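Next come the chains, spelled out residue by residue.
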Amino acid sequence: MDSGTALVIAVPAAVLGAAGFGLASAAQQRATHEVAVAPTLSPRLIVELLARPMWLLGLVATIVALALQIVALAFGPLAVVQPLLVTGVAFASVFAALMNGRRPDALILLGALLCAAGLSAFLLLARPTEGSTGGEFNLMAGLPLAIALAVLVLGCVLYAATVEHSSRVLALALATGVLYGVTAGLMKVITGQLRVGLDEPFRHPVLYVVCIIGPMGFLLSQNTFQAGQLVAPAVAVITSVDPVIGVLIGVSWLGERLDSSPSLLMGQYLAAAVVIGSIALIAMRGHHLLQRREIMADRPLVMRRGAGPVAR
């Protein structure tokens, strides 16, 4: 199949997958606010959410979106598919607004599109090529990265557990994105093992690590949705961190190589700055919208008390 025909399949599948992830995020975020707040990584949250139809809708949407993502990646390159999946931030914002009877915010949508554009540029410039290991798993060579990612996830979880600031949501989202990225990277190893034989993954520890990290990431994503009032900032962080961690795993664990010429490195830094700036825009705009809603909610109460309209 030529590349043009492949993209005809990959691009619609990626866009529909992004829409599925957006619907899942919006539905799950809404459902997590209908149950009691659970401790981070507590399975009790999932047990309570299983009784919520909105969450079950999100679960079905997640499964469908994952299937579409697999189709998209089977026919299209990561540098094309992953940025399209990041547009799930925009879809999540639209679905969340519709569920709450509001219009989607233009600045949040703009931030989501800029985030996708920045990630697209980063992946195009940082696209790794197969290295000396031929894509074989080499954890010992990547042990420093494994330790760094473990410390990062633990630090984010501890930070979120000890502060009440709104930044705790972004910390949880960062930890979720790291776990998702590690899961995706290890899944690449498992798919390579499957080419050897259907029983080959069961002979290696990678599959069992995925069976632990994958559910942890999903559970942490539900904690993230429950902790935040808006879905867009969290989804932006998760979907941006995921592929970046995947690139790091490819280089550190699978022996892939990046072109480190000065011009490409500068382009990668600029693309990363666009992604970070877009996430900051989404987060700040979301904070502003929440403040405005709180003011509008308080205003009728002030007027009922006879104080008259208050300038804020």
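This one's a predicted model, so the numbers in the text were calculated from it and none came from an experiment.

Q: I'm lost on the overall build of the protein chain in this one. Help?
A: Scanning the protein chain for helices and strands turns up 11 helices and zero strands. Shown N-terminal to C-terminal, the secondary structure of the protein chain runs as helices and strands in the order α-α-α-α-α-α-α-α-α-α-α. Residue burial in the protein chain is summarised as follows: out of 312 residues, 43% are buried. Counted over contacts in the protein chain with a minimum sequence separation of 6, partners at least 24 positions apart contribute 80%. When the accessible area of the protein chain is evaluated, it comes to approximately 15,900 Å², of which 70% is carbon and sulfur surface.

Q: Looking at this model, I keep getting lost on the confidence of the model for the protein chain. Mind explaining?
A: The predicted coordinates should not be examined in detail at positions where pLDDT is low. Considering every residue of the protein chain, the mean pLDDT works out to 83; 89% of them sit at 70 or more. Mean pLDDT across the elements of the protein chain bottoms out in helix α4 (residues 78–86) (74) and peaks in helix α2 (residues 44–49) (93). Within the model, pLDDT remains below 50 along residues 301–312, and this stretch shows 10 contacts once partners closer than five positions in the same chain are excluded.

Q: Hey, could you run me through the layout of surface pockets in this one?
A: If you roll a probe as big as a water molecule over the atoms, it shows you where there is empty space left. Of the volumes computed, that of the largest pocket is approximately 1,600 Å³. L66, Q69, L73, A184 and D242 are, among the 47 residues lining the largest pocket, the residues nearest its centre. Residue assignment for the lining of the largest pocket shows that the elements contributing at least two residues are α1 (3–32), α3 (53–75), α4, α8 (167–196), α9 (206–227) and α10 (232–252). With nine residues, the top contributor of residues to the lining of the largest pocket is α10. In terms of residue class, the lining of the largest pocket is made up of 27 nonpolar, 16 polar and four charged. There is about 600 Å³ of room inside the second largest pocket. N100, R102, Q229, L230 and R293 are, among the 24 residues lining the second largest pocket, the residues nearest its centre. The set of elements that each furnish at least two residues to the lining of the second largest pocket consists of α1, α5 (88–99) and α11 (262–304). Among the elements that line the lining of the second largest pocket, the one with the most residues is α11, at five residues.

Q: Would you mind showing me how to read the environment of F218 here?
A: Structurally, F218 can be placed in helix α9. Along the backbone, F218 and I46 are 172 residues apart, and their C-alpha atoms lie at a distance of 9.8 Å. With near-sequence residues (within four places) excluded, F218 lies in contact with Q28, I46, W55, L59 and Y180.

Q: I tried to follow the packing of α5 against α10 on my own but got confused; where do I start?
A: The relative placement of two packed helices comes down to the angle between their axes together with the axis-to-axis distance. In contact at an axis separation of 9 Å, α5 and α10 are set at 160° when each is read in the N-to-C sense. Classified by the interaxial angle, the pair formed by α5 and α10 is roughly antiparallel. Considering how the two elements wind past one another, α5 and α10 form a crossing that is right-handed. Together, G88, V89, A92 and S93 of α5 and A232, V235, A236 and T239 of α10 make up the contact between the two elements.

Q: What exactly am I supposed to notice about the side chain of T183 here?
A: Looking at where T183 falls in the secondary structure, it is placed in helix α8. From its side chain, T183 meets the backbone oxygen of L179 in a polar contact 2.8 Å long. Ignoring sequence-local partners within four residues, the contact set of T183 consists of V210, I213 and G214.

The rules behind the values
- Residues numbered from 1 in each chain as written.
- Predicted model: local features only at pLDDT ≥ 70, side-chain atom pairs only at ≥ 80, totals over all residues.
- Heavy atoms only, no water.
- Helix = DSSP H or I, 4+ residues; strand = E, 2+ residues; numbered from the N terminus.
- Buried < 20%, exposed > 50% of the residue type's maximum accessible area, 1.4 Å probe, protein only.
- Contact = heavy atoms within 4.5 Å.
- Areas by Shrake-Rupley, 256 points an atom, 1.4 Å probe, with all protein chains shown as cover.
- pLDDT = per-residue confidence, 0-100.
- 1 Å grid on protein atoms, 1.4 Å probe; cavity = no way out; pocket = protein on both sides within 12 Å on 5 of 7 lines; lining within 4 Å.
- Points joined across faces, edges and corners; volume = space filled by probe spheres on them.
- Nonpolar A, V, L, I, M, F, W, Y, C, P; charged D, E, K, R; others polar.
- Axes fitted to C-alpha atoms, helices over the stretch in contact; angles between N-to-C directions.
- Parallel < 35°, antiparallel > 145°, perpendicular 65-115°, else oblique.
- Left-handed = near helix turned anticlockwise from the far one by under 90°.
- Polar contact = N/O pair within 3.5 Å; in protein donor to acceptor, adjacent residues only side chain to side chain.

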